[in-house]
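Survey of secondary and tertiary structure
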Amino acid sequence: MAGHEFPEPADRKRQVADPTATPQAAEETRQSCDPAFKHGVVVGFDGSTSSERALAYAIGMAHRSGSGLIIVHVANRLPTTVWAGCEPPVFVDVPDHRTEVLGLELACADYLSEVPWILVERGGDICHELEEVGREYEADAIVVGSTQGIVGRIFGSVAGRLARRARRPVIVIP
């Protein structure tokens, strides 16, 4: 029976792509940011002494400019390698309850009552995530604390890498 087509059941109809539709970019799938914090000040915060100093500076900067404060905590991601197949390293998200603790500490802090603020949690490379949040919120500046210790000297400091690649002003607080 040449030329005979068997009709497909209604529940097995194939999806046909709409040729007029444009593919959605990865950026569009991410949740949109709160418009109240557009053109705010982004600050990297992990609870360390240098990040506390950066937060204090960012609070003053946001207060003086009348803008919001976007506090960013980047959660840990650990590289793992599949040894048997010699595949490239992949990253595994490690549960990080530190963001919840930091959020509670910040919510109870009196010094944050002067400016509107939001806490954003991300996972991945610190420099990339800070710049990404800065781009999403169209931030006027990114404030970070300087890296102390031997790890920063060996692998390069977050502040140094961010200053080289960022598309907005980066303020490094010693």
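Before any of the text, the structure's been laid out above.
Below or above, wherever it landed, is the structure these notes cover. Predicted, not measured: the structure shown is a model, and the values here were computed from it.

Quick look at the sheet that holds strand E7 (residues 170-173) now. Reading across from one edge, E5-E2-E1-E6-E7 is the order of the five strands in this open sheet, with parallel pairing throughout. The open sheet is flanked by strand E5 (117-123) and E7, the only strands paired with a single partner. The sheet shows a mean angle of 25° between the axes of neighbouring strands, direction not considered. Of the pairings in the sheet, the one linking strand E2 (residues 69-75) to E5 comprises seven bridges and is parallel in character. When the sheet's bridge partners are listed, valine 74 is paired in E5 with arginine 122.

Let's shift gears to the environment of leucine 102. Take leucine 102: it is sitting in helix H3 (residues 98-107). By relative accessible area, which is 0% here, leucine 102 ends up buried. Other than its neighbours up to four places away in sequence, leucine 102 contacts Phe45, Asp46, Gly47 and His73.

A separate point is the pairing of E2. Of all seven residues in E2, seven are buried; the element is thus mostly enclosed. When strand E1 (residues 41-44) meets E2, the two strands line up parallel, connected through four bridges. Counted as the bridge partner of valine 43 is isoleucine 71 from E2. Between E1 and its parallel partner E2, the chain crosses via helix H2 (residues 49-65), and the hand of that crossover is right-handed.

The N-to-C vectors of helix H4 (residues 126-136) and helix H6 (residues 158-165) enclose an angle of 50°; their axes lie 9 Å apart at closest approach. Judged by the angle between their axes, H4 and H6 are oblique. H6 is crossed by H4, and the crossing has right-handed handedness. Counted together, Ile126, Cys127, His128, Leu130 and Glu131 of H4 and Val158, Arg161, Leu162 and Arg165 of H6 form the full contact between these two elements. Its residues assigned to classes, the contact of H4 with H6 comprises five nonpolar, one polar and three charged.

Procedures and definitions
Going along each chain's sequence as written, the residues are numbered from 1 onward. Given that this is a predicted model, residues contribute local features only at a pLDDT of at least 70 and side-chain atom pairs are listed and counted only at 80 or more, while totals for whole chains, interfaces and linings are drawn from all residues. For side-chain calculations, the full set of non-hydrogen atoms in the structure is used, while hydrogens and water are omitted. Here, any two strands with at least 2 DSSP bridges between them count as paired. Only runs of H or I of at least four residues qualify as helices and only runs of E of at least two qualify as strands under DSSP, and these elements are numbered from the N terminus. Under this scheme, a helix contributes an axis fitted over its contacting stretch, all axes are lines through C-alpha atoms, and angles between N-to-C directions fall in the 0 to 180 degree range. Each residue is assigned to one of three classes by its accessible area relative to the maximum for its type, calculated with a 1.4 Å probe on protein chains only: buried under 20%, partly exposed between the two thresholds, exposed over 50%. Pairs of residues are marked as contacts when any of their non-hydrogen atoms sit within 4.5 Å. Here a crossover is taken to be right-handed if, once the strands point away from the viewer, the path from the first strand over the helix to the second is traced clockwise. Here roughly perpendicular refers to angles of 65 to 115 degrees, roughly parallel to angles under 35, roughly antiparallel to angles over 145, and oblique to all remaining angles. For a crossing to be left-handed, the near helix must be turned anticlockwise from the far one by less than a right angle; the clockwise case is right-handed. In this classification, the charged set is Asp, Glu, Lys and Arg, the nonpolar set is Ala, Val, Leu, Ile, Met, Phe, Trp, Tyr, Cys and Pro, and all remaining amino acids, among them Gly, are polar.

Read these as geometric descriptors, not functional statements.
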